[in-house]
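# Per-entry structural report
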Amino acid sequence: METIQTVSSMKKTVAEWKSEGLSVGLVPTMGFLHEGHMSLIRQAVSDNDRVVVSVFVNPMQFGENEDFGRYPRDLDRDSAMCAKEGADVIFSPPASEMYPSGFCGYVDLAAMTDGLCGAKRPGHFRGVCTVVMKLLNIAGPDRAYFGQKDAQQLAVVKRMAEDFNMDVEIVGMPIVREADGLAMSSRNSYLSGEERAAALSINRALAEAAKLCGGGCRDVRHIKNRIKAVLSGEPLLRVDYIEVAGMDTMLPLDMLDGRALCAVAVYAGKTRLIDNVVLEA
Ligand code: AMP
(Lines give C-alpha, C1' and ligand atoms only; values in the text may rest on other atoms or scores of the structure.)
Protein backbone atom coordinates (compact mmCIF):
# COMPACT_ATOMS: atom_id res chain seq x y z
CA MET A 1 0.00 0.00 0.00
CA GLU A 2 1.58 3.26 -1.10
CA THR A 3 1.47 6.03 1.50
CA ILE A 4 1.96 9.61 0.33
CA GLN A 5 2.69 12.43 2.75
CA THR A 6 3.26 15.48 0.59
CA VAL A 7 0.83 17.55 -1.43
CA SER A 8 3.21 17.75 -4.41
CA SER A 9 3.67 13.99 -4.62
CA MET A 10 -0.09 13.37 -4.28
CA LYS A 11 -0.81 15.86 -7.07
CA LYS A 12 1.86 14.26 -9.28
CA THR A 13 0.43 10.75 -8.79
CA VAL A 14 -3.10 11.92 -9.63
CA ALA A 15 -1.86 13.85 -12.68
CA GLU A 16 -0.22 10.65 -13.99
CA TRP A 17 -3.45 8.68 -13.52
CA LYS A 18 -5.44 11.40 -15.27
CA SER A 19 -3.00 11.48 -18.18
CA GLU A 20 -3.78 7.78 -18.66
CA GLY A 21 -7.50 8.57 -18.70
CA LEU A 22 -8.17 6.86 -15.34
CA SER A 23 -11.00 7.98 -13.04
CA VAL A 24 -10.22 8.81 -9.41
CA GLY A 25 -12.26 8.37 -6.22
CA LEU A 26 -11.42 10.02 -2.87
CA VAL A 27 -12.51 8.82 0.57
CA PRO A 28 -11.64 11.45 3.21
CA THR A 29 -11.24 9.99 6.72
CA MET A 30 -9.57 10.70 10.04
CA GLY A 31 -8.33 7.11 10.18
CA PHE A 32 -8.76 4.35 12.79
CA LEU A 33 -10.86 2.74 10.09
CA HIS A 34 -13.91 0.55 10.70
CA GLU A 35 -16.65 -1.05 8.59
CA GLY A 36 -18.34 2.34 8.07
CA HIS A 37 -15.23 3.65 6.34
CA MET A 38 -14.77 0.34 4.49
CA SER A 39 -18.26 0.64 2.94
CA LEU A 40 -17.21 3.99 1.44
CA ILE A 41 -13.88 2.58 0.22
CA ARG A 42 -15.58 -0.46 -1.32
CA GLN A 43 -18.00 1.76 -3.23
CA ALA A 44 -15.15 4.01 -4.37
CA VAL A 45 -13.16 0.99 -5.61
CA SER A 46 -16.15 -0.28 -7.56
CA ASP A 47 -16.92 3.15 -9.13
CA ASN A 48 -13.39 4.34 -10.00
CA ASP A 49 -10.13 3.16 -11.64
CA ARG A 50 -8.00 4.53 -8.78
CA VAL A 51 -8.89 5.27 -5.13
CA VAL A 52 -7.20 7.59 -2.65
CA VAL A 53 -8.06 7.25 1.04
CA SER A 54 -6.98 10.28 3.01
CA VAL A 55 -6.14 9.74 6.67
CA PHE A 56 -5.79 13.10 8.36
CA VAL A 57 -6.88 14.06 11.87
CA ASN A 58 -7.68 17.64 10.98
CA PRO A 59 -6.76 19.96 13.87
CA MET A 60 -8.85 22.79 12.36
CA GLN A 61 -12.16 20.98 12.94
CA PHE A 62 -11.58 20.27 16.65
CA GLY A 63 -12.56 22.73 19.38
CA GLU A 64 -10.11 23.65 22.13
CA ASN A 65 -11.57 21.28 24.71
CA GLU A 66 -12.23 18.43 22.29
CA ASP A 67 -10.35 15.17 21.72
CA PHE A 68 -7.80 16.10 19.03
CA GLY A 69 -4.83 14.98 21.15
CA ARG A 70 -6.26 11.60 22.09
CA TYR A 71 -8.12 10.82 18.86
CA PRO A 72 -7.27 7.15 18.06
CA ARG A 73 -4.58 6.63 15.42
CA ASP A 74 -3.21 3.42 13.80
CA LEU A 75 -1.86 4.02 10.32
CA ASP A 76 -0.40 0.50 9.90
CA ARG A 77 -3.76 -1.09 10.57
CA ASP A 78 -5.54 1.46 8.33
CA SER A 79 -3.07 0.73 5.57
CA ALA A 80 -3.62 -3.04 5.76
CA MET A 81 -7.41 -2.53 5.66
CA CYS A 82 -7.18 -0.23 2.63
CA ALA A 83 -4.90 -2.67 0.79
CA LYS A 84 -7.34 -5.49 1.40
CA GLU A 85 -10.18 -3.52 -0.18
CA GLY A 86 -8.13 -2.56 -3.24
CA ALA A 87 -7.53 1.15 -2.55
CA ASP A 88 -4.42 2.48 -4.31
CA VAL A 89 -2.95 5.19 -2.10
CA ILE A 90 -3.25 6.47 1.45
CA PHE A 91 -2.70 10.22 1.64
CA SER A 92 -1.64 11.01 5.22
CA PRO A 93 0.07 14.40 5.32
CA PRO A 94 1.43 15.87 8.55
CA ALA A 95 -0.49 18.93 9.76
CA SER A 96 2.42 21.17 8.73
CA GLU A 97 1.96 20.02 5.12
CA MET A 98 -1.75 20.95 5.12
CA TYR A 99 -1.36 24.11 7.19
CA PRO A 100 2.11 25.51 6.52
CA SER A 101 3.26 28.65 8.26
CA GLY A 102 1.33 31.67 6.97
CA PHE A 103 -1.79 29.62 6.18
CA CYS A 104 -4.88 31.78 6.70
CA GLY A 105 -7.55 30.66 4.22
CA TYR A 106 -10.87 29.15 5.14
CA VAL A 107 -14.20 28.08 3.66
CA ASP A 108 -17.40 28.77 5.56
CA LEU A 109 -20.96 27.81 4.62
CA ALA A 110 -22.98 30.21 6.80
CA ALA A 111 -26.62 29.29 7.57
CA MET A 112 -26.29 25.56 6.91
CA THR A 113 -23.77 25.26 9.70
CA ASP A 114 -25.62 27.38 12.30
CA GLY A 115 -27.67 24.50 13.73
CA LEU A 116 -27.16 20.91 14.90
CA CYS A 117 -23.43 20.10 15.34
CA GLY A 118 -22.55 23.56 14.02
CA ALA A 119 -24.26 25.20 16.99
CA LYS A 120 -22.58 22.89 19.50
CA ARG A 121 -19.12 22.88 17.92
CA PRO A 122 -18.31 26.46 16.87
CA GLY A 123 -15.77 26.51 14.03
CA HIS A 124 -16.14 22.78 13.37
CA PHE A 125 -17.66 23.09 9.90
CA ARG A 126 -15.25 25.83 8.93
CA GLY A 127 -12.50 23.29 9.64
CA VAL A 128 -14.36 20.54 7.77
CA CYS A 129 -15.10 22.67 4.68
CA THR A 130 -11.57 24.02 4.56
CA VAL A 131 -9.91 20.62 4.76
CA VAL A 132 -12.36 18.98 2.34
CA MET A 133 -11.85 21.81 -0.17
CA LYS A 134 -8.08 21.31 0.16
CA LEU A 135 -8.30 17.52 -0.19
CA LEU A 136 -10.53 17.86 -3.26
CA ASN A 137 -8.07 20.30 -4.82
CA ILE A 138 -5.10 18.06 -4.01
CA ALA A 139 -6.58 14.72 -5.12
CA GLY A 140 -8.78 16.15 -7.90
CA PRO A 141 -11.21 13.21 -7.71
CA ASP A 142 -14.12 12.54 -10.07
CA ARG A 143 -16.08 11.32 -7.04
CA ALA A 144 -15.72 11.78 -3.28
CA TYR A 145 -17.48 9.59 -0.71
CA PHE A 146 -19.06 10.69 2.59
CA GLY A 147 -21.19 8.84 5.14
CA GLN A 148 -24.75 9.71 6.16
CA LYS A 149 -23.53 9.06 9.71
CA ASP A 150 -22.26 12.68 9.60
CA ALA A 151 -25.42 13.90 7.88
CA GLN A 152 -24.82 17.63 8.34
CA GLN A 153 -21.27 17.23 7.01
CA LEU A 154 -22.59 15.39 3.93
CA ALA A 155 -25.20 18.10 3.24
CA VAL A 156 -22.67 20.88 3.76
CA VAL A 157 -20.04 19.29 1.51
CA LYS A 158 -22.66 18.73 -1.23
CA ARG A 159 -23.66 22.39 -0.96
CA MET A 160 -20.03 23.52 -1.03
CA ALA A 161 -19.35 21.53 -4.22
CA GLU A 162 -22.42 23.11 -5.80
CA ASP A 163 -21.80 26.66 -4.56
CA PHE A 164 -18.19 26.65 -5.75
CA ASN A 165 -18.92 24.89 -9.10
CA MET A 166 -16.55 22.06 -8.27
CA ASP A 167 -16.15 19.25 -10.80
CA VAL A 168 -16.71 16.45 -8.35
CA GLU A 169 -19.63 14.18 -7.61
CA ILE A 170 -20.30 13.96 -3.87
CA VAL A 171 -21.56 10.45 -3.11
CA GLY A 172 -23.48 9.85 0.15
CA MET A 173 -23.42 6.39 1.74
CA PRO A 174 -25.76 4.84 4.35
CA ILE A 175 -24.89 4.50 8.04
CA VAL A 176 -23.17 1.21 8.92
CA ARG A 177 -24.13 -0.14 12.35
CA GLU A 178 -22.87 -2.82 14.69
CA ALA A 179 -25.10 -5.93 14.92
CA ASP A 180 -26.77 -4.43 18.02
CA GLY A 181 -27.57 -1.13 16.26
CA LEU A 182 -24.80 1.16 17.54
CA ALA A 183 -23.60 3.37 14.66
CA MET A 184 -19.95 2.58 13.94
CA SER A 185 -17.52 5.32 14.91
CA SER A 186 -13.82 5.58 15.66
CA ARG A 187 -14.88 7.25 18.93
CA ASN A 188 -16.70 4.07 20.06
CA SER A 189 -13.23 2.90 21.11
CA TYR A 190 -13.44 5.42 24.01
CA LEU A 191 -16.54 3.75 25.51
CA SER A 192 -16.50 1.57 28.62
CA GLY A 193 -18.69 -1.55 28.53
CA GLU A 194 -21.40 0.23 30.54
CA GLU A 195 -21.31 3.35 28.38
CA ARG A 196 -21.51 1.25 25.23
CA ALA A 197 -24.54 -0.63 26.58
CA ALA A 198 -26.23 2.69 27.45
CA ALA A 199 -25.42 4.06 24.00
CA LEU A 200 -27.65 1.41 22.41
CA SER A 201 -30.59 3.60 23.48
CA ILE A 202 -29.57 6.17 20.87
CA ASN A 203 -30.53 3.96 17.94
CA ARG A 204 -33.60 2.78 19.86
CA ALA A 205 -34.72 6.38 20.37
CA LEU A 206 -34.25 7.16 16.67
CA ALA A 207 -36.21 4.03 15.75
CA GLU A 208 -39.04 5.27 17.99
CA ALA A 209 -38.97 8.59 16.15
CA ALA A 210 -39.20 6.81 12.78
CA LYS A 211 -42.06 4.72 14.11
CA LEU A 212 -43.97 7.80 15.29
CA CYS A 213 -43.47 9.42 11.90
CA GLY A 214 -44.52 6.21 10.12
CA GLY A 215 -47.66 6.20 12.27
CA GLY A 216 -48.61 9.64 10.98
CA CYS A 217 -47.14 11.98 13.61
CA ARG A 218 -46.02 15.29 12.01
CA ASP A 219 -45.41 17.28 15.19
CA VAL A 220 -41.65 17.65 15.65
CA ARG A 221 -42.00 18.63 19.31
CA HIS A 222 -43.78 15.37 20.04
CA ILE A 223 -41.08 13.38 18.22
CA LYS A 224 -38.27 15.17 20.07
CA ASN A 225 -39.99 14.56 23.41
CA ARG A 226 -40.25 10.86 22.67
CA ILE A 227 -36.53 10.69 21.86
CA LYS A 228 -35.72 12.60 25.04
CA ALA A 229 -37.85 10.20 27.09
CA VAL A 230 -36.04 7.14 25.72
CA LEU A 231 -32.60 8.67 26.23
CA SER A 232 -33.35 9.91 29.74
CA GLY A 233 -33.90 6.30 30.78
CA GLU A 234 -30.11 5.89 30.67
CA PRO A 235 -28.30 7.71 33.50
CA LEU A 236 -24.94 7.39 31.70
CA LEU A 237 -26.24 9.41 28.73
CA ARG A 238 -26.50 13.21 28.49
CA VAL A 239 -28.27 14.80 25.53
CA ASP A 240 -26.26 17.45 23.65
CA TYR A 241 -29.02 18.10 21.11
CA ILE A 242 -32.06 16.51 19.51
CA GLU A 243 -33.03 18.18 16.24
CA VAL A 244 -35.24 17.68 13.20
CA ALA A 245 -34.13 19.63 10.15
CA GLY A 246 -34.66 19.91 6.39
CA MET A 247 -32.52 17.33 4.57
CA ASP A 248 -30.79 19.82 2.30
CA THR A 249 -31.11 23.07 4.26
CA MET A 250 -30.25 21.74 7.74
CA LEU A 251 -32.71 24.34 9.09
CA PRO A 252 -34.89 23.27 12.05
CA LEU A 253 -38.49 22.20 11.34
CA ASP A 254 -41.64 22.39 13.49
CA MET A 255 -43.78 20.15 11.31
CA LEU A 256 -42.82 17.22 9.10
CA ASP A 257 -43.63 17.52 5.42
CA GLY A 258 -41.54 15.35 3.08
CA ARG A 259 -38.08 14.04 4.03
CA ALA A 260 -36.38 15.35 7.14
CA LEU A 261 -33.25 14.59 9.11
CA CYS A 262 -33.74 13.59 12.71
CA ALA A 263 -30.34 13.91 14.36
CA VAL A 264 -28.99 13.60 17.88
CA ALA A 265 -25.72 14.17 19.68
CA VAL A 266 -25.40 12.43 23.02
CA TYR A 267 -22.61 12.17 25.56
CA ALA A 268 -21.95 8.68 26.90
CA GLY A 269 -19.70 9.59 29.79
CA LYS A 270 -17.19 11.99 28.21
CA THR A 271 -17.62 10.61 24.68
CA ARG A 272 -19.80 12.57 22.29
CA LEU A 273 -21.69 10.31 19.89
CA ILE A 274 -23.84 11.38 16.93
CA ASP A 275 -26.49 9.42 15.06
CA ASN A 276 -29.50 10.11 12.88
CA VAL A 277 -32.42 8.73 10.94
CA VAL A 278 -34.20 10.09 7.88
CA LEU A 279 -37.91 10.61 8.50
CA GLU A 280 -40.18 10.17 5.48
CA ALA A 281 -43.44 12.06 6.07
P1 AMP B 1 -14.29 10.07 10.09
O2 AMP B 1 -13.05 9.25 9.96
O3 AMP B 1 -15.07 9.78 11.33
O4 AMP B 1 -14.07 11.53 9.83
O5 AMP B 1 -15.25 9.57 8.91
C6 AMP B 1 -14.82 9.56 7.58
C7 AMP B 1 -16.00 9.28 6.69
O8 AMP B 1 -16.58 8.02 7.01
C9 AMP B 1 -17.12 10.33 6.84
O10 AMP B 1 -17.67 10.63 5.57
C11 AMP B 1 -18.09 9.62 7.73
O12 AMP B 1 -19.42 10.07 7.57
C13 AMP B 1 -17.95 8.19 7.26
N14 AMP B 1 -18.41 7.29 8.32
C15 AMP B 1 -17.99 7.25 9.60
N16 AMP B 1 -18.69 6.34 10.30
C17 AMP B 1 -19.58 5.80 9.44
C18 AMP B 1 -20.61 4.81 9.55
N19 AMP B 1 -20.87 4.18 10.70
N20 AMP B 1 -21.33 4.52 8.45
C21 AMP B 1 -21.10 5.14 7.28
N22 AMP B 1 -20.15 6.08 7.10
C23 AMP B 1 -19.41 6.41 8.17
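So, about unusual backbone geometry. One non-glycine residue with positive phi stands out, namely Leu116, at about 45°. With respect to the helices, strands and loops of the structure, Leu116 is situated in helix α5 (residues 116-120). Non-glycine residue Asn165 carries a positive phi angle of around 50°. Along the polypeptide, Asn165 turns up in the loop between α7 (151-163) and β6 (169-173). Asn165 gets classed as exposed once you look at its relative accessible area, which sits at 66%.

For the rest of this paragraph, the subject is the pattern of salt bridges. Following the criterion strictly, the structure yields 16 salt bridges and no others. Measuring nitrogen to oxygen at the nearest pair gives 2.8 Å for the salt bridge that ties Asp67 to Arg187. Taken together, the residues Asp67 in the loop between β3 (50-55) and α3 (75-85) and Arg187 in the loop between β6 and α8 (193-214) connect sequence positions 120 residues apart. The burial state of Asp67 is the same as that of Arg187; both residues are buried. Ionic pairing is found between Lys120 and Asp240, a salt bridge with its closest N-O pair at 3.9 Å. With a gap of 120 residues between them, Lys120 in helix α5 and Asp240 in strand β7 (residues 237-246) connect regions that are remote in the sequence.

If you look at the biggest cluster of nonpolar residues, it comprises 49 residues, and the most contacted ones within it are Met10, Phe91, Met98, Val132, Leu136, Met160 and Ile170. Of the residues forming this core, the biggest block, 10 residues, is contributed by helix α6 (residues 124-139). Contacts of Ile170, omitting those with residues within four sequence positions, involve Ala144, Phe146, Leu154, Val157, Lys158 and Ala161. Within the second largest apolar cluster, 27 residues are counted, among which are Leu200, Cys213, Val230 and Val264.

Axis separation between α8 and helix α9 (residues 220-232) bottoms out at 9 Å; the angle between their running directions is 150°. Relative to α9, the element α8 lies roughly antiparallel. The way α8 lies across α9 gives a crossing that is right-handed. Packed against α8, whose contacting residues are Ser201, Ile202, Ala205, Glu208, Ala209 and Leu212, the element α9 presents His222, Ile223, Arg226, Ile227, Val230 and Leu231 at the interface.

Definitions and cut-offs
- Residues numbered from 1 in each chain as written.
- Predicted model: local features only at pLDDT ≥ 70, side-chain atom pairs only at ≥ 80, totals over all residues.
- Heavy atoms only, no water.
- Helix = DSSP H or I, 4+ residues; strand = E, 2+ residues; numbered from the N terminus.
- Buried < 20%, exposed > 50% of the residue type's maximum accessible area, 1.4 Å probe, protein only.
- Salt bridge = Lys/Arg side-chain N within 4 Å of Asp/Glu carboxyl O.
- Core = buried A, V, L, I, M, F, W, Y, C linked by side-chain atoms within 4.5 Å.
- Contact = heavy atoms within 4.5 Å.
- Axes fitted to C-alpha atoms, helices over the stretch in contact; angles between N-to-C directions.
- Parallel < 35°, antiparallel > 145°, perpendicular 65-115°, else oblique.
- Left-handed = near helix turned anticlockwise from the far one by under 90°.

That is the geometry; function is a separate question.
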